[in-house]
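As a plain string of letters, each chain reads:
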Amino acid sequence: MDRTRPTDPRREDGADDDTEAAAGVDAFGIPEPAPLTEHGPARVIAVANQKGGVGKTTSTINLGAALAEHGRKVLLVDFDPQGALSVGLGVQPHQLDSTVYNLLMERDSEIDEVIRETGVENMDLLPSNIDLSAAEVQLVFEVGREQALGRALKPVLDRYDIVLIDCQPSLGLLTINALACADTVLIPLACEFFSLRGVALLMDTIDKVRDRLNPNLDILGILATMFDPRTLHTREVQHRVREAFGDLVFRAVINRTVRFPETTVAGEPITTWAPTSAGAIAYRLLAREVLAR
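Criteria and thresholds
- Residues numbered from 1 in each chain as written.
- Predicted model: local features only at pLDDT ≥ 70, side-chain atom pairs only at ≥ 80, totals over all residues.
- Heavy atoms only, no water.
- Pairing = 2+ DSSP bridges.
- Helix = DSSP H or I, 4+ residues; strand = E, 2+ residues; numbered from the N terminus.
- Contact = heavy atoms within 4.5 Å.
- Axes fitted to C-alpha atoms, helices over the stretch in contact; angles between N-to-C directions.
- Buried < 20%, exposed > 50% of the residue type's maximum accessible area, 1.4 Å probe, protein only.
- Salt bridge = Lys/Arg side-chain N within 4 Å of Asp/Glu carboxyl O.
- Core = buried A, V, L, I, M, F, W, Y, C linked by side-chain atoms within 4.5 Å.
- Parallel < 35°, antiparallel > 145°, perpendicular 65-115°, else oblique.
- Nonpolar A, V, L, I, M, F, W, Y, C, P; charged D, E, K, R; others polar.
- Phe/Tyr/Trp six-rings, centres within 6.5 Å; stacked < 30°, edge-to-face > 60°.

A. How the structure looks around the sheet that holds strand β6 (residues 184-190). Ordered by their spatial adjacency, eight strands build an open sheet running β3-β4-β2-β5-β1-β6-β7-β8, and the pairing between neighbours is mixed. Bordering the open sheet on either side are β3 (116-117) and β8 (249-255), each of which pairs with just one other strand. In this sheet, strand β4 (residues 123-126) lies alongside β3 in antiparallel orientation, the contact comprising two bridges. Paired with R116 across the bridge in β4 is L125. On top of the sheet, helix α6 (residues 173-181) reaches β1 (43-47), β2 (74-79), β5 (162-167) and β6; it is set at about 160 degrees to β5, its chief contact. Taken strand by strand, helix α7 (residues 193-212) contacts β6 and β7 (218-227), and its axis lies near 170 degrees from that of β6.

B. Representation of the side chain of T99. Along the chain, T99 turns up in the loop between α2 (84-88) and α3 (100-105). The class for T99 is buried, based on a relative accessible area of 1%. Those residues in contact with T99, other than ones at most four positions away along the chain, are V114, P127, S128 and N129.

C. The pattern of salt bridges, seen in detail. Per the stated rule, a full pass over the model turns up nine salt bridges. Here D207 ties to R210 by a salt bridge, and the two come within 2.7 Å at their closest N and O atoms. Of this pair, D207 and R210 both sit in helix α7, separated by three residues, roughly a single helical turn. Exposure remark for D207: the relative accessible area of 36% places this residue in the partly exposed category. We classify R210 as partly exposed; its relative accessible area is 23%. The partner of R259 in a salt bridge is E262, and the shortest N-O contact between them spans 3.0 Å.

D. Quick look at the nonpolar core. Within the largest apolar cluster, 53 residues are counted, with the highest numbers of intra-cluster contacts made by F79, L126, L153 and I165. In contact with L153, not counting residues within four places along its chain, are L75, V77, I111, L126, V163, I165 and C181. The next biggest cluster of nonpolar side chains, apart from the first, holds 38 residues, and it includes I162, L164, A274 and V290.

E. Region of interest: the packing of α7 against helix α8 (residues 232-245). Remark: α7 packs on α8, axes separated minimally by 9 Å, with the N-to-C direction vectors making an angle of 25 degrees. With respect to α8, the element α7 is oriented roughly parallel. In this structure, α7 uses F193, L196, V199 and M203 to contact α8, whose residues at the interface are H233, V237, R240, V241 and F245. Taken together, the residues that form the contact of α7 with α8 break down as seven nonpolar, one polar and one charged.

F. Fine view of the pairing of β1. Summarising burial for β1: four of the five residues are buried, a large majority. With five bridges connecting them, β1 and β5 associate as parallel partners. Considered in β5, the bridge of V47 is made with D166. Pairing of β1 with β6 involves three bridges; the strand directions are parallel. Paired with V47 across the strands is L186, a residue of β6.

G. Just the packing of aromatic side chains, in detail. Taken as a whole, this structure holds one aromatic pair when the rule is applied. Ring geometry for F260 against Y283: centres 6.0 Å apart, planes inclined by 85 degrees, an arrangement best described as edge-to-face. Taken as a pair, F260 in helix α9 (residues 259-266) and Y283 in helix α11 (residues 278-292) lie far apart in primary sequence, 23 residues in all. Considered together, F260 and Y283 belong to a single accessibility category, that of buried residues.

Structure (structure tokens):
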């Protein structure tokens, strides 16, 4: 697909137009992560919300890149048949010969043959494409179908520090697989009323997975996304989220900005595309919070 590359903000004169919105993030007092002397075993974090369009893929890419800036070795797992995570890192899903689907469904498939390097140092990608949609049907007839992803990832967990799984916008078998092998769940929550209503259903699913498949599963936190400080509605939703979930809500807040659509076209994270923007600074704050929890 021929994509017109947007103007690179790193070559523009002057500051990003929304940089000032992120002023004061250091005031939260989140400590700078200590450097690592060795890598692994990985913490597995599922980025999940059954509602689409809440920033799961954007958060997975940019959180991963921000963690990599701190010297963490990160593996991003595209576990959505739409392949948006892969596209967001400059990979064309329809051109892939091997994806996470092959790992799940073919016994002779090796994960090292599927993992791809990204343009970000210390961050790798396990890509996906539309073939993965067939796995949800085919896995129904497999023994231990809920642990298929966990089995596929096990051989490489010792070489990474963080594995981030970008889940599809549903509570189907693929999402259950992600939750079954995850240590924690990160929930991106758009600051809008309908997104807030769906969190209770996701929490119920997490409780069921904890009871039946993964007793160690915990909620890492809730990330407020698509926040627009100019509107009363988003401010009210953010207030209700913090009131309802307290310390589970990350201090980092992801504002709406034109930079995020630009990064998708550019095929790179906002931390490298617009490194001084409010979005990049917010995801760096989120990375520090994740490492501190």
